[in-house]
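A structural walkthrough
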Amino acid sequence: MSATAGIWDMAKRHSSEELQQQGNRMMQSMERYPADASGIWQGEHLFLGCHDQWVTPESVHQRMPHYDSVRRLAITGDVIIDNREELFSQLGLNASMYDMPDIMLLLHAYDKWGEQMPRYLNGDFAFAIWDESRQQLFLARDWSGNRTLYYYQTAEKFIFASTMEALFQTGDVSKKLSTPWMAEFLTTVAMEESTDIQATVYDQIKQLPPAHAMMLSADKSSIYQYGILLPDEPLRLKSDGEYVEAFRDVYSRVIRAKLRTRHGVAATLSGGLDSGSVVSYAAKILSGQNKPIYTYSFVPIPGFKDWTSSRLMANERPYIEETVRHVSQIHPVHDHYMDFADRSPLSEVEHWLSLMEMPYKYFENSFWIRGIFEQAQQQGAGVLLTGARGNFTISWGPAIEYYGEMLKKFQWIKLYQEMKMYSQNAGIRRKKIIQQIQQSAFPRLSRNTRDLGRPDALKWINPELAERTGMAERVRQAELNLVGSDTMSDQDIRLDKFSNLATANKDGAVTSKISMGYGVWERDPTNDPRVIKFCLSVPYNQYVQNGMDRALIRRATAGDLPDKIRLNQKVRGLQPADWVQRMLPMWPAFTSEIREICQDSAAAQWMNTENIMEALNEVGESPSAEAAFNPATRLLMRSLIMGRFIRSLA
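These numbers were taken from a predicted model, which means no experiment stands behind them. (Residues numbered from 1 in each chain as written. Predicted model: local features only at pLDDT ≥ 70, side-chain atom pairs only at ≥ 80, totals over all residues. Heavy atoms only, no water.)

As a further point, take the overall build of the protein. The helix and strand tally for the protein stands at 26 helices and 19 strands. For 650 residues, the compact-globule formula gives about 26 Å, and the C-alpha radius of gyration of the protein, at 25 Å, lands near that figure. Each of the three principal axes of the protein carries a C-alpha extent, and together these read 75 × 65 × 50 Å. Each of the 650 residues in the protein was classed as buried or not, and the buried ones make up 58%. In the protein, the share of contacts with a sequence separation of at least 24, taken over all contacts with a separation of at least 6, comes to 73%. Split by element, the accessible area of the protein, about 26,800 Å² in all, is 48% carbon and sulfur. Put simply, the protein has 72 plus and 78 minus side-chain charges, and the middle of one group is 5 Å from the middle of the other. (Helix = DSSP H or I, 4+ residues; strand = E, 2+ residues; numbered from the N terminus. Rg over C-alpha atoms; globule rule 2.2 N^0.38 Å. Buried < 20%, exposed > 50% of the residue type's maximum accessible area, 1.4 Å probe, protein only. Contact = heavy atoms within 4.5 Å. Areas by Shrake-Rupley, 256 points an atom, 1.4 Å probe, with all protein chains shown as cover. Lys, Arg positive; Asp, Glu negative; His and termini not counted. Charge placed at Lys NZ, Arg CZ, Asp CG, Glu CD.)

This brings us to the environment of R595. Considering the arrangement of structural elements, one finds R595 in helix α23 (residues 587-598). Sequence separation of R595 and L616 is 21 residues, and the distance between their C-alpha atoms is 8.7 Å. Setting aside residues no more than four positions away along its own chain, R595 makes contact with M613, L616 and E621.

Turning to the sheet that holds strand β12 (residues 221-225), a few remarks are in order. Overall, antiparallel pairing links the six strands, which are arranged β4-β5-β6-β7-β11-β12 in an open sheet. The open sheet is flanked by β4 (66-68) and β12, the only strands paired with a single partner. On average, each strand axis in the sheet is inclined to that of its neighbour by 15 degrees, with strand direction left out of account. Where strand β6 (residues 123-131) meets strand β7 (residues 136-141), six bridges bridge the pair, whose relative direction is antiparallel. Bridged to A126 within β7 is R141. Lying over the sheet, helix α3 (residues 102-113) contacts β4, β5 (73-81), β6, β7 and β11 (212-216), oriented at roughly 120 degrees with respect to β5. (Pairing = 2+ DSSP bridges. Axes fitted to C-alpha atoms, helices over the stretch in contact; angles between N-to-C directions.)

This part covers the confidence of the model for the protein. On average, residues of the protein score 94 in pLDDT, and 97% of them are at 70 or above. Ignoring residues within four places in sequence, the model shows residues 448-455, a span with pLDDT below 50, making nine contacts including any to other chains. (pLDDT = per-residue confidence, 0-100.)

Relative to each other, helix α17 (residues 490-499) and helix α19 (residues 529-537) sit at 155 degrees, their axes nearing to 12 Å. Our classification of the angle between α17 and α19 gives roughly antiparallel. Relative to α19, the crossing made by α17 is left-handed. When α17 is examined against α19, the residues R494, L495 and F498 are found in contact with a partner set consisting of I532, C535 and L536. Residue composition of the contact of α17 with α19, grouped by class: five nonpolar, no polar and one charged. (Parallel < 35°, antiparallel > 145°, perpendicular 65-115°, else oblique. Left-handed = near helix turned anticlockwise from the far one by under 90°. Nonpolar A, V, L, I, M, F, W, Y, C, P; charged D, E, K, R; others polar.)

Most of β11 is tucked away: five of the five residues are buried. Burial along β11 is two-sided: the face carrying H212, M214 and L216 and the face carrying A213 and M215 are both buried. Summarising the sheet, β11 and β12 pair through five bridges and their orientation is antiparallel. From the neighbouring strand, M214 faces β12, where its bridge partner is I223. Counting the residues in the hairpin turn of β11 and β12 gives four residues.

Considering only enclosed or pocket space, the second largest pocket measures out at about 530 Å³ in volume. What lines the second largest pocket is a set of 24 residues, among which N122, D232, P529, R530 and K533 lie closest to the centre. If you list the elements that add at least two residues to the lining of the second largest pocket, you get α2 (84-91), α6 (240-258) and α19. Take the lining of the second largest pocket: its biggest share by element is five residues, from α19. Counted by class, the lining of the second largest pocket contains 12 nonpolar, five polar and seven charged residues. (1 Å grid on protein atoms, 1.4 Å probe; cavity = no way out; pocket = protein on both sides within 12 Å on 5 of 7 lines; lining within 4 Å. Points joined across faces, edges and corners; volume = space filled by probe spheres on them.)

Written as structure tokens, this is what we have:
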């Protein structure tokens, strides 16, 4: 959560005073972020700066940036290392040095392993090390990209920072938008921004991708991926019980590491398995540290009429309260239920555009996510635990696909037994389950041609821009490739989540910037490299068994979560179903702004204003709450966000 910056004048064209002036302007732009200390360091034609947040006990009073005169290494960064004990052993460090700050531990690691050192690290980090002896600058970003690192590079100069705004303060970088990035952002149906993992919304600004490092000298530079999150080999244990114990061991160690803070501990809590397991495991650990845990839960506004299906749960409060009562028997839980009735996605746009420094698509949850960070900050939390990636790690386990595999392998007796138990557990008729299994096993036979392709992919982008950038042809080709091919399986989708660094870029930017903005470090044990690799290595049959989907986490939380939560297969939480209802008092202003944006030539060069106006007519002037999941309504909200961003640059 520290905000860092640096300049290397490789051509040696600036005086020390000029370099410091540029660096100071970068530092001043980041004064908006909370900090316990602020410092700079200057070498020959080099400037390093840091607004430092002391989150861990070891970081208190550390000097950042730091210069090691013996090794002739200087370092600045935003770092929290989770595998400290392992590193101390590997580096041969004495136990008496265990209070060493993480930033110093990195210098020892670099001294031993050089540019290979990031592969030995677990945690959240983005840092730069100046190797004075070799006249080289080394930079690295963590496996999941939970810390941002932007840079501007020419043959003569290299500038980097935690934020893009800091780069603009040097006077070297322009705010010209990147046409390829914008074109991809406007045509990608998913939340990702761009398949170019080094690109940003600005033409002259690049980002160091997640799980990548960079070595820079005066005459050359190289960027390389230092590791992947996929496991080396499948995990083979002797019994179901051994898998549960192995999971508990990994999960407990990771959560213990995520709790390391000199401040309070907070967590988001829903009525499901992911955040519930995080809170229950954390409570056991905190019981030995005499620290309470604060939980924050979003609930709909008063008067919300639940329009969702019987299998979806818009208000999870009854389930959350079950978890709180159960966990409180282990350790005190201070629970908070917040509806943020005065907020909506529309009220948050300016905050999020300022925070993210670029347009964004994930508006539905924006108001309560920011509100929870505000609450955690006010109550003195140093870390905010989440379980955001749990659906693809700890609580993965799609039963229907697994049963489809059993059908294709002629395991019919076992399939019948599983299907019977699953029908009882999930409350779904067997006839319907059989249909779903057939569709999963034989997608070509069940797929309708109307389902092929992504018809909305070209709806948002200006048609001329889509043709000029090749995005129209790319979308058409993607649709053709779907004809006669099987869709991605749940297993393929899962693996893609952890091998696709474009996804990590998007998720990491949110984590980094909201943490930095509020001085509360978001920590997600379900997204830790050790948890990811472990869960991806576990056989499928550990995730689906005895009629249970998500079977591993259900077994691993026996006694830690109430059975109402642990064994629930009938309803799932849905957040937030009330976002349109929240916006109704502001709907006339919202639609008026959409019309203004559609008449703005600057916005029209990027967006398809004709389609946006059609969506406005479809949604109407007084939509019902059900419009929350209408693609036309989502198009309108995303267009307003993009329109405000574009107009802010004018």
